[in-house]
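Examination of the molecular architecture
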Amino acid sequence: MAAAINGKDSMQRENDLDEEIVGSSSGDEAMFDQIVGHIEDIIMEPEFQELQKDFFDKYCTVFEDKEENKLEYTTIFNHYTELIESYIEQRLIERLPQFSMVSFLEEMKARSSELDGEIFEMLLSFTDFLTFKEILLDHKAVKEGHSVDFSSDIIITSLENTLSNRSKLS
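Residues numbered from 1 in each chain as written. Predicted model: local features only at pLDDT ≥ 70, side-chain atom pairs only at ≥ 80, totals over all residues. Heavy atoms only, no water.

Turning next to the environment of Leu-137. Inspection of the secondary structure assignment puts Leu-137 in helix α6 (residues 129-143). Between the C-alpha atoms of Leu-137 and Glu-64, which are 73 residues apart in sequence, the distance is 7.4 Å. (Helix = DSSP H or I, 4+ residues; strand = E, 2+ residues; numbered from the N terminus.)

Right, here's the structure in full:
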């Protein structure tokens, strides 16, 4: 009977250990998701939008849409990374005192293949020069009026007219 109790104890310990491992993994994922949620909130704030817009306005004219990159692009990219990371990090620490930007960026790079959406494109712009350059060139195109205008492809009609025309066709 003592063996059965000991056997059960060791099986229970194994189950507890498995639960701890799974719980830890899902806990890390929950923390990552919580951080991403806070970052979404932060980047939607008018202060962040203005900070980023001012930076892009200041430097977008320096960049050219060419394969070859100028040396000064690196300096601008490093300045952007420092500015935005420190802003977001300060806001995250206010919300999550245990937050570590270094750990978060490592986790984000490790998950880069599974991440999708504007938030991740913006976050990857901190660590990926080509993504940063693309965002800056898009900003430049919009500012100079060279962006694609889809307004001529949109047709707005009255719902009543549409229903009326359908009933006539029937």
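Any two aromatic rings considered together are summarised by their centre-to-centre distance and by the angle between their planes. One pass over the structure, following the stated rule, counts 14 aromatic pairs. Each ring, one from Phe-63 and one from Tyr-73, has its centre 4.1 Å from the other, and the planes form 15 degrees; the classification is stacked. One end of the pair, Phe-63, is in the loop between α2 (46-59) and α3 (71-95); the other, Tyr-73, is in helix α3, with ten residues separating them in the sequence. Per residue, the accessibility class of Phe-63 equals that of Tyr-73, and both read buried. Between Tyr-80 and Phe-132, the ring centres sit 4.8 Å apart and the planes meet at 40 degrees, which makes this aromatic pair tilted. (Phe/Tyr/Trp six-rings, centres within 6.5 Å; stacked < 30°, edge-to-face > 60°. Buried < 20%, exposed > 50% of the residue type's maximum accessible area, 1.4 Å probe, protein only.)

Now for a negative patch on the surface. A surface patch of like charges, here negative, comprises Asp-28, Glu-29, Asp-33 and Glu-114. As for its placement among the helices and strands, Glu-29 is situated in helix α1 (residues 2-44). For Glu-29, a relative accessible area of 41% corresponds to the partly exposed category. (Patch = residues over 30% accessible without salt bridge, like charges linked within 9 Å, V, L, I, M, F, W, Y side chains within 5 Å. Areas by Shrake-Rupley, 256 points an atom, 1.4 Å probe, with all protein chains shown as cover. Salt bridge = Lys/Arg side-chain N within 4 Å of Asp/Glu carboxyl O. Lys, Arg positive; Asp, Glu negative; His and termini not counted. Charge placed at Lys NZ, Arg CZ, Asp CG, Glu CD.)

In this section: the packing of α2 against α6. The interhelical angle for the contact between α2 and α6, taken along N-to-C directions, is 80 degrees, at an axis separation of 10 Å. When the axes of α2 and α6 are compared, the pair comes out roughly perpendicular. Mapping the contact onto sequence places Lys-53, Phe-55, Phe-56, Asp-57 and Tyr-59 in α2 and Phe-132, Ile-135, Leu-136, His-139 and Lys-143 in α6. (Axes fitted to C-alpha atoms, helices over the stretch in contact; angles between N-to-C directions. Parallel < 35°, antiparallel > 145°, perpendicular 65-115°, else oblique. Contact = heavy atoms within 4.5 Å.)

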